[in-house]
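Secondary and tertiary structure notes
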Amino acid sequence: MSENQKLVVVVTRGLDDERASVAWSVANGGIGMGFEVTMFLVSSGVDWVRKGAAGRARPNPLDPPMVEMIQTVVESGGQILVCPPCAGVRGYEADDLIDGVTLAGSASMHALIKEGAATLSF
């Protein structure tokens, strides 16, 4: 692969749903395979990046801790985009979110799709 392929993972599920931990696990696998990963968090999926929240959640005990999987995305240079209205309805502002997170609307995700990114939704 001369250029990294892009993968967008859309997370709609929150702290109490195992499907969300699967999303982060799949994203980490993509990073391991050389994909440029972008997480797009909507609905209750935005809860994952509220400061302190992921440390208290472990929907699938066979996965690595959620904090580690989220940090892997950040440390790999991946993007974590959070839907602004979804954050706002929960009372979250940028300061409530972990470092490395960007409030960004769906146009940011659509731009990646136009560039050929594969998408997965959980």
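Sequence order as written defines residue numbering, which begins from 1 separately in each chain. Only residues with pLDDT of at least 70 get local features here, since the model is predicted, and only at 80 or more are side-chain atom pairs given and counted; chain-wide, interface and lining totals rely on the full set of residues. To obtain the side-chain values, all non-hydrogen atoms of the structure were used and water was disregarded.

Quick look at the sheet that holds strand β2 (residues 36-41) now. The 5 strands are arranged β4-β3-β2-β1-β5 in an open sheet whose pairing can be described as parallel. What marks the edges here is a single partner per strand, and that holds for β4 (101-103) and β5 (118-121). On average, each strand axis in the sheet is inclined to that of its neighbour by 25°, with strand direction left out of account. Pairing between strands requires that DSSP locate at least two bridges from one strand to the other. Secondary structure elements are defined from DSSP: runs of H or I of at least 4 residues count as helices, runs of E of at least 2 residues count as strands, and each element is numbered from the N terminus. Pairing between β2 and strand β3 (residues 79-82): 4 bridges, direction parallel. Within β3, the position partnered with T38 by the bridge is Q79. In this description, contact between two residues means that some pair of their heavy atoms is separated by no more than 4.5 Å. Axis angles are defined between N-to-C directions and span 0 to 180 degrees, where every axis is a line fitted to C-alpha atoms and, for a helix, only to the segment in contact. Relative to the sheet, helix α1 (residues 18-32) contacts β1 (6-11), β2, β3 and β5, its axis offset from that of β2 by approximately 160°. Across the face of the sheet, helix α4 (residues 106-114) comes into contact with β1, β2, β3 and β5 while running at roughly 145° to β1.

The first and last C-alpha atoms of α1 sit 21 Å apart over 15 residues, in line with the 21 Å expected at 1.5 Å per residue. A simple rule labels every residue: compare its accessible area, found with a 1.4 Å probe on the protein chains alone, to the largest value its type can have, and call it buried under 20%, exposed over 50%, or partly exposed in between. Buried residues of α1: A20, S21, A23, W24, A27, N28, G30 and I31, and no others. Buried positions along α1 lie against β1, β2, α2 (66-75) and β3. Once α1 finishes, G34 follows within two positions and takes phi at roughly 95°, a positive value. Helix span is expected to be 1.5 Å times the residue number reduced by one.

Here the focus is the packing of α1 against α2. Between α1 and α2, the least distance of the axes is 9 Å, while the angle of their chain directions is 40°. Classed by the angle they form, the pair α1 and α2 counts as oblique. Read as a crossing pair, α1 and α2 show a hand that is left-handed. Judged by residue contacts, S21, W24, S25, A27, N28 and I31 of α1 engage M66, M69, I70, T72 and V73 from α2. Its residues assigned to classes, the contact of α1 with α2 shows 7 nonpolar, 4 polar and no charged. Each angle gets one of four labels, with under 35 degrees taken as roughly parallel, over 145 as roughly antiparallel, 65 to 115 as roughly perpendicular, and the rest as oblique. With the far helix as reference, a near helix turned anticlockwise by less than a right angle produces a left-handed crossing, and one turned clockwise produces a right-handed crossing. The residue classification treats Ala, Val, Leu, Ile, Met, Phe, Trp, Tyr, Cys and Pro as nonpolar and Asp, Glu, Lys and Arg as charged. All others, Gly included, are polar.

Once that is clear, we can look at the pattern of salt bridges. The term salt bridge refers to a side-chain nitrogen of Lys or Arg lying within 4 Å of a carboxyl oxygen of Asp or Glu. Inspection of the entire model under this criterion finds 4 salt bridges. Of the charged contacts in the structure, one is a salt bridge between K6 and E115, with a shortest N-O distance of 2.8 Å. Within this pair, whereas K6 is found in strand β1, its partner E115 is found in the loop between α4 and β5, the two being separated by 109 residues in sequence. Classification of K6 by relative accessible area gives partly exposed; the value is 22%. Residue classification places E115 among the exposed residues on the basis of a relative accessible area of 51%.

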